[in-house]
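# Architecture and fold: a report
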Amino acid sequence: MLSTRHTNFWLFSIALLLIIIMLSAAWLAQQQRDAVLMADLDRVHQLQVQSMQQLQFQLQQDALIAADLVYANSTVRTLVAEAAERYQQQQDPASFDDIRSQLMAELAPSWQALQPFAIRQLQFHLVPDVVSLLRVHQPQHHSDSLADIRPMVLEVQQQGQAMAGLEVGRFGLGVRAVLPIKSSDGSVIASMETGFALNDLIGQRQHQLGLTGGHEVGISVLVSARLGEQFVFPMFGEHSDWLIDVESGNRMSGWLQQQLFPSRVASPQSLHLMHNKHHYALSLVPWHSYGQQMEESAAVVLVSWQDISAMIAAHQAQNRQIWGLWLGAIVISVLALFFLVKRLQKATAHSLQKQQQALRWSEQRLKALFSLSPLPILLNRMADGAFIEANHAMEQLVGYNQQELAALSYWDLTPEIYANAEKKQLESLQSKGRYGPYRKQYRHKDGHLIDIELNGVRFENPAGESMIWTIVMDLTERNKLDKMKDEFIATVSHELRTPLTSIAGSLSLVLAGAAGELTEKSRKMLSIAERNSKRLTLLVNDLLDMEKLAAGKVAFFPEIIPLQTLLQDAMEQNKPYADKHQIQLLLVNATTATIHADPSRIQQVLANLISNAVKFSPAGSQVLIQAETAKDKVRIGIQDEGPGLSQEEISSLFQRFSQLNNGTTKQQGGTGLGLAICREIIHQSGGSIGVESVPGQGACFWFELPLAKIDSEHSGLEKVLVVEDDADIATMLSAMLQQEGFEADWAPDTATAWQLLAKHHYRLLTLDLRLQNEHGSDFFLRLRDNLATRDLPVLIISAYLQEGKLQLASMAQAIDWLEKPVQQEVLMVKLTQLLESTPWQQDARVLHVEDDDDITTIVQAHLETNCRYYRASSLNKARILLRQHRFDLLLLDIGLPDGLGWDLLPEVQTLQGDIPVVVFSAQDLSVHQHGKVEATFAKSKVEPAELVKRIKAILSNE
C-alpha cells in the first residue's frame, strides 16, 4: 500500500495536471474568440475599403456628370466652336472677349446651381496648346497656355476621350473631369474642365455619415507632407509625414501628432487606434493622382474610421465572464478530485484488506493442494536447474527428501542422454513460456530409472529470476497397462482371427458340397453360421484397426497422389459390389488436383463410404463420386439416393459402435465402427469429415483434405500439358508423367488447352490428333502461328501417326511422334530427346537468391516474360535448386538468413560450371569480391528495372 506522503504527492500532481489542462483549454478558447474578433474587424476593414473605393469612383462620376450637364447647352457648344474656328485662323485669343461675355452669360445659371456641390473650377481650353478660352471662376485670366501644367487636359485633347481624376494644385485637392469638344467632322477642337474641392466634398460626406448603425463613423483625407509647400491655405501636420485640413478635428490631429500613420501607403491598410479611451478601426485607402504609378506611395489617402469601443467592450466582458466560468470549473474539479481520491483511498484500503484476506486464503489452499497433490510437483530455477521446492509426492517418486533434493544438481536426477532433448524443451520455455508434454526418465535414489511425463510453465519470482513449475506424471503403471493392452491385442489378433478363419473356411466348404449333399434345413442353418462368422471376423478386424488408430500406432506413408487417379481406382474397385446391388457408380467433377496422403488409407475411407452408399441406395439408382477444390483444400463427396438422415442421427453417426435404429442397419448389417475408423484416418491425414442430408432425399458423405503444397518459390517440376479427349488415356499419361517427376495438366479439348496455355508456362505439350472439337493437326498449326507457343515442343501421341506425318511433314522443328498404346519407357525416351533438342537460349533459367519478398516480386515481374524465374529465400533452398536444375544466370544477395551469399559460389562452380553471377545486395563489396562475379549492383543505388535490363543484356551475350 502506498504511504500517505506518496498518495498526497500523486494527488497534488494530478490536480496540477488537471489545472494545466483546463487552463490550456481556456487559453485555446480565448484564442478562438480572439480569432472571431479579428475576423469581425477584418470585415469592418473590408467594408470601409469598399466604401472608400466606391466614394472615389462616385466623386469622379459626379464630376463627369456635372461636365455633361454643362456641355448639354447647345449655345455653349456653338460659342466654343466659333472661338476654336477663329483660333485656327490664327486670331489672338485675347480678342475673343465677345465670345467670353456670351459664354459667361450662358454659364452663370449652371455655375450658381453647382456651387452647393463644391464646384470650384469651370473652364474651356482650345486645341492644340491648351490655351485658356475662359475661366468661369476667374474670368479675368485667359489666353494663357496650360500644356505644361495641365497634362490631363492635354491627354483628353489628344485622345478625344473624357477623363476624371484627382489633381493636386495650389488651392488644394480637386476632383477634375475633362470632356473633349468635337467639331462636326469628329475632330477635337477644344475641351471643357470642371473641378470640385475634395476637402469640401469629404466634409459633406462626413456630415451625412454622423452616427451610422449606432457607431460613430467618419472619413478624412491625408495629404503627403511633401506637397504642403505648394498649398496657399494652412494645413495641420508640421513635422509629420502627412497633412490634414485644420478642420479635421482633434481625433485625426491627435493621431497625426503621435505619428501613428504609416509613412507610405501604396495599398489599402487597416489600423486599430485609440482616442479618449475609445477604440477606432481605421482603413487607409490610397488615391493616386493623375499620372502617378499605382505601385508608388499615394500622395493622397482617404481615411475611414469607425468607433468599435462597444465591440471591444463586449469582447472583453465576454472574456471576463468565460474566464470566471473556467476558474470556477477548475476549483470545483479540484475539490471533486480531492473528494473522489479520498473516497477511492478508503475503498481501496477496504478492497486491499479483502484481497489480502483472499490471497492468504488462496495461498493456504494452494499450499494444501501442493502438499497433498497425488501428482509430483517440482519448482526449479531456470538459470541452473536447481531444485527449489518439491511436494511430498515428488519425494516419494525419487526417494529424496526436500533437503537432499536441494543439494542435488539437475543432472543427478536426469540422465545425460536427454541433454539434446532438454535443450529443445528449454527453447520452448524461452519462446513460448511453457513446455511439454515431454517424456523422459528420472534416476531414483536407489539407481533405477522411472518413466515420467513432464508439463511445465515459466514465470518470474519477485526478484526477477526465471523459475519453472513442473507437474510430473509417473508413467510406470501406464506403461505396464499399455504393455498388457498390446499383448492382449496381439493375442486377440492371433487367437481369434486364426479360429475364425478356420470356421469361415470350413463352413464355406461344407456349403459348397465338400461333405456331401445337405438338406435344405441344414443348408439354411449353415448359411446363418457362415454369415455370422463373417460378421464376427469384420467386427474383430474393425476393433483392432480402431484401437491402433486411436493409439496412434498405425503407420501412414503419405505421398503425392493425383486425385483423379485415386477416385477412378476407388470406383473400379467398388464397381463389382455396386453391380451386385444394381447400383451405377458415376465419377463427376473430376479434378487434376493432387493431395499429400497415404493412398491405401484414403482408399480404405473411399471403400467404406462407397459401400455404405451402395448398401443404403435402392436398386437401379446412382451413387455420385465428386471432387471440388477450394483455396488450399479439396472436398470429396459420395452422394446416394437412400432414405437420408435426420439431424439427431447425424450427431452420433461417427461415434464408435454407432448404428441407426430405423431398421435399415439390421437389414444391411455392419459393426458400427466403419465411420469411426474413417474419421480417425481423415483426422490423422490433416482433414475433416462430415455428412449433409435431408430425410427422404439421400445423403452426401464428404471429407476434406489439404492440397499438396507446392513450394511457393518454385515447384521445381517441369510442367507438361496433356491435350487428350479420352479421360482414361489422359489419366494414364498424367500418372506416367508425375511418376517421372513432371507436373501434368489435362485439357480435354483445344479451348481448354488455350486457356491453360495463357495461364501457365509449359515445357512440353502432348497432343492427340483425333480431338472432338478440332483436328489435332489444325491445333498444331495454330500453335506454330502463335508467337508465345511457336517454339513449344510437341509430342504427338495418336493411333493415326501416318495421317499426321503427311499433314505436318514440313514442320519438323520441336516435334516428335509416339503411337498408341503408350509404354512408359518409350514415352520417357521421347520426352527426353525432345526436351534436349530444344535450345535453352529461348528459355533461359535465372535463379534469384533473395529473402526480401518485395524485391523478388518486382524482379520476377520483369523477368518472367523472357525467361524462367526461380527463387530461393535461403542458402539451403538455393543448394537444392542448384542440384535439381541447370541455370543460365545466378542473381545473388549477400546477406541471407542462414549465411552469406559468397558461401554459395564454390557450389555454383561445381554444379553449374562457369555461369554468370550478378550480385544485387545492400552490402558494400571489396575490389577482390568484385572480381569474382560478372556484375554488382547496390540496392540503394540502382532501380530493379535497370538491373533487369543488365541481366537481359548478359543473357543475350551467352
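Note that the structure is a prediction, hence the values are computed from the model and not measured. In this convention, every chain numbers its residues from 1, walking through the sequence in written order. Per-residue local features are limited, in this predicted model, to residues with pLDDT of at least 70; the limit for side-chain atom pairs, both in listing and counting, is 80 or more; totals at the level of whole chains, interfaces and linings are taken over all residues. Side-chain metrics rest on all non-hydrogen atoms present in the structure, leaving aside hydrogens and water.

Right, let's talk about the overall build of the chain for a bit. Helix and strand assignments follow DSSP, with helices taken as H or I runs no shorter than four residues and strands as E runs no shorter than two, numbered in order from the N terminus. Looking only at helices and strands, the chain has 28 helices and 36 strands in total. Considering only contacts within the chain whose residues lie at least 6 apart along the sequence, 59% involve residues at least 24 apart. Surface exposure here means Shrake-Rupley accessible area, sampled with a 1.4 Å probe, where a residue is shielded only by the protein chains that are shown. Of the accessible surface of the chain, which amounts to about 52,200 Å², a share of 54% is contributed by carbon and sulfur atoms. In this analysis, two residues are considered to be in contact whenever any of their non-hydrogen atoms come within 4.5 Å of each other.

Further remarks concern the packing of helix α14 (residues 563-580) against helix α19 (residues 727-739). As a rule, the C-alpha atoms of each element are fitted with a line to give its axis, helices using only the stretch in contact, and angles between N-to-C directions run from 0 to 180 degrees. The geometry of α14 relative to α19 is characterised by a closest axis approach of 10 Å and an angle of 125° between their N-to-C directions. With respect to α19, the axis of α14 lies oblique. Along this stretch, α14 crosses α19, giving a crossing that reads as left-handed. Where α14 approaches α19, its residues Gln 564, Thr 565 and Gln 568 are matched on the opposing element by Asp 728, Thr 731 and Ala 735. Residues were grouped as follows: Ala, Val, Leu, Ile, Met, Phe, Trp, Tyr, Cys and Pro as nonpolar; Asp, Glu, Lys and Arg as charged; and all remaining residues, including Gly, as polar. The class makeup of the residues in the contact of α14 with α19 is one nonpolar, four polar and one charged. Throughout, the term roughly parallel applies to angles under 35 degrees, roughly antiparallel to angles over 145, roughly perpendicular to angles from 65 to 115, and oblique to all others. Should the near helix be turned anticlockwise from the far one by less than a right angle, the crossing is left-handed, and should it be turned clockwise, the crossing is right-handed.

Here we have five strands laid out as an open sheet, ordered β19-β21-β22-β24-β23, and mixed in their pairing. Unpaired on one side and paired on the other, β19 (584-588) and β23 (688-693) mark the two borders of the sheet. Between one strand and the next, the sheet's axes are offset by a mean angle of 20°, whatever the strand orientation. Here six bridges tie β23 to strand β24 (residues 699-706), and the two strands are oriented antiparallel to one another. Bridge pairing links Ile 689 to Phe 703 in β24. Contacting β19, β21 (622-630) and β22 (633-639), α14 runs over the sheet at an angle of about 170° to β19. Packed on one face of the sheet, helix α15 (residues 599-615) meets β19, β21, β22 and β24 and runs near 170° to β24. At least two DSSP bridges between two strands are required for those strands to pair.

Let us look at the nonpolar core. The nonpolar core is taken to be a set of buried Ala, Val, Leu, Ile, Met, Phe, Trp, Tyr and Cys residues, with the residues joined through side-chain atoms within 4.5 Å. Relative accessibility thresholds used throughout: buried, under 20% of the residue-type maximum; exposed, over 50%; partly exposed, between the two (1.4 Å probe, protein chains only). In this structure, Leu 103, Leu 107, Phe 124, Leu 133 and Leu 198 are the most contacted members of the largest nonpolar core, which totals 52 residues. For this core, the element with the most residues is helix α1 (residues 4-71), which contributes nine residues. Formed by 41 residues, the second largest nonpolar core is a distinct cluster that contains Leu 585, Ile 610, Leu 645 and Leu 705.

Omega for the bond connecting Val 127 with Pro 128 falls within 30 degrees of zero, at 10°, which places this linkage in the cis form. If you trace the backbone, Pro 128 turns up in the loop between β1 (119-126) and β2 (131-135). Between Gly 436 and the following residue, Pro 437, the backbone shows a cis peptide bond with an omega angle of -5°. Tracing the backbone shows Pro 437 in strand β15 (residues 434-443). In the Ramachandran plot, Gln 90 falls in the positive-phi region, its phi being about 70° despite a non-glycine side chain. Inspection of the secondary structure assignment puts Gln 90 in the loop between α2 (74-88) and α3 (97-114). Judged by relative accessible area, which is 70%, Gln 90 ranks as exposed. Positive phi values are uncommon outside glycine, yet Val 130 reaches one of about 50°.

UniProt positions are given in the numbering used here, feature names are shortened, and annotations may be inferred rather than shown by experiment. Residues given the UniProt feature "modified residue: 4-aspartylphosphate" (unreviewed entry) here are Asp 768 and Asp 893. Within the secondary structure layout, Asp 768 lies in the loop between β27 (764-767) and α21 (776-785). Mapped onto the elements, Asp 893 comes out in the loop between β32 (889-892) and β33 (895-896). The buried category is assigned to Asp 893, whose relative accessible area is 4%.

Before going further, it helps to examine the pairing of strand β26 (residues 742-747). The buried fraction of β26 is high, at five of six residues. As paired elements, strand β25 (residues 718-723) and β26 share six bridges and run parallel to each other. Directly across from Val 723, in β26, lies its bridge partner Ala 747. Looking down the strands as they point away from you, a crossover is right-handed if its path from the first strand over the helix to the second goes clockwise. Read as a crossover between parallel neighbours, the route from β25 over α19 to β26 is right-handed.

For β19 and β21, the ladder comprises five bridges, and the chain directions are parallel. Within β21, the position partnered with Leu 586 by the bridge is Leu 624. By the bridge criterion, seven bridges tie β21 to β22 in an arrangement that is antiparallel. The residue bridging Gln 626 from the neighbouring strand is Gly 637, located in β22.

Let us look at the environment of Asn 461. Residue placement: Asn 461 occurs in the loop between β16 (449-460) and β17 (466-474). The spacing of Asn 461 and Arg 381 is 80 residues in sequence and 9.8 Å in space, taken between C-alpha atoms. In protein, a polar contact means a hydrogen-donor-capable atom and an acceptor-capable atom, both N or O and within 3.5 Å, with residues adjacent in sequence counting only if both atoms are side-chain atoms; elsewhere, any N or O pair within 3.5 Å suffices. Only 2.7 Å separates the side chain of Asn 461 from the backbone nitrogen of Glu 465, close enough to count as a polar contact.

Looking now at a negative patch on the surface. Exposure above 30% relative accessible area and no salt bridge define the residues that can form patches, which grow by joining like charges within 9 Å and nonpolar side chains of Val, Leu, Ile, Met, Phe, Trp and Tyr within 5 Å. Salt bridges, as used here, are contacts in which a Lys or Arg side-chain nitrogen is within 4 Å of a carboxyl oxygen on Asp or Glu. Counted charges follow a simple rule, with Lys and Arg positive, Asp and Glu negative, and His plus the chain ends left uncounted. Charge positions come from single atoms, namely NZ of Lys, CZ of Arg, CG of Asp or CD of Glu. Residues Asp 569, Glu 572, Asp 726 and Asp 728 make up a contiguous surface patch of negative charge. Position of Glu 572 among the secondary structure elements: in helix α14. Taking relative accessible area as the criterion, Glu 572 reaches 54% and is therefore assigned exposed.

The next point concerns the pattern of salt bridges. The final tally for this structure, using the stated rule, is 25 salt bridges. Between Glu 743 and Lys 719 there is a salt bridge, with the nearest N and O atoms lying 3.2 Å from each other. Taken as a pair, Glu 743 in strand β26 and Lys 719 in strand β25 lie far apart in primary sequence, 24 residues in all. Overall, the relative accessible area of 21% leaves Glu 743 in the partly exposed class. A salt bridge links Glu 774 to Arg 782; the nearest nitrogen and oxygen atoms lie 2.9 Å apart. By relative accessible area, which is 39% here, Arg 782 ends up partly exposed.

Side chains of residues three or four places apart in an α-helix project in the same direction, reflecting 3.6 residues per turn. To estimate how far a helix should extend, the number of its residues minus one is multiplied by 1.5 Å. If you check helix α11 (residues 419-432), its first and last C-alpha atoms are 20 Å apart, about what 14 residues at 1.5 Å a residue would give, namely 20 Å. When we look at burial in α11, the residues that qualify are Glu 422, Gln 425, Ser 428 and Leu 429. Summarising the axial view, the buried residues of α11 lie within an arc of 115°, below the 170-degree limit, and thus occupy one face. Among the exposed residues of α11, those oriented more than 90 degrees off its buried face are Asn 420, Lys 423, Lys 424, Glu 427, Gln 430 and Ser 431. Buried residues along α11 sit in contact with α10 (410-413), β15, β16 and β17. In this description, one arc is meant: the one made by directions from the helix axis to the C-beta atoms.

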